[in-house]
Amino acid sequence: MLAGVGPFANRKRPGSPRESHTKVRIYNVNTQTLIEAVIQTPGGQVEYAGDTHIDGVTDPARRSS
């Protein structure tokens, strides 16, 4: 679930990213640690493209609509 937190936060927070990547800080309650994720945001949009496959998942990445 951690992989989805950064892109979700990036879409929901006010203001849009202006860089090719955006740093998102995530607090993990279970481990009480702060995690810094780097989200690819070329053109101010979250980049969902990828070729990583997960067993049981049909597509390698979410397709933008």
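These lines cover the structure that appears in this document, whether it is placed above or below. Since the structure is predicted, the reported quantities are computational estimates derived from the model, not experimental observations.

Scanning the protein for helices and strands turns up one helix and two strands. The order of helices and strands in the protein, counted from the N terminus, is α-β-β. For the protein, buried positions account for 18% of its 65 residues. Long-range contacts, defined as pairs at least 24 residues apart, comprise 21% of the intrachain contacts of the protein with a sequence gap of at least 6. As presented, the protein carries roughly 5500 Å² of accessible surface, and 51% of it is formed by carbon and sulfur atoms.

So, how was this worked out
- Residues numbered from 1 in each chain as written.
- Predicted model: local features only at pLDDT ≥ 70, side-chain atom pairs only at ≥ 80, totals over all residues.
- Heavy atoms only, no water.
- Helix = DSSP H or I, 4+ residues; strand = E, 2+ residues; numbered from the N terminus.
- Buried < 20%, exposed > 50% of the residue type's maximum accessible area, 1.4 Å probe, protein only.
- Contact = heavy atoms within 4.5 Å.
- Areas by Shrake-Rupley, 256 points an atom, 1.4 Å probe, with all protein chains shown as cover.

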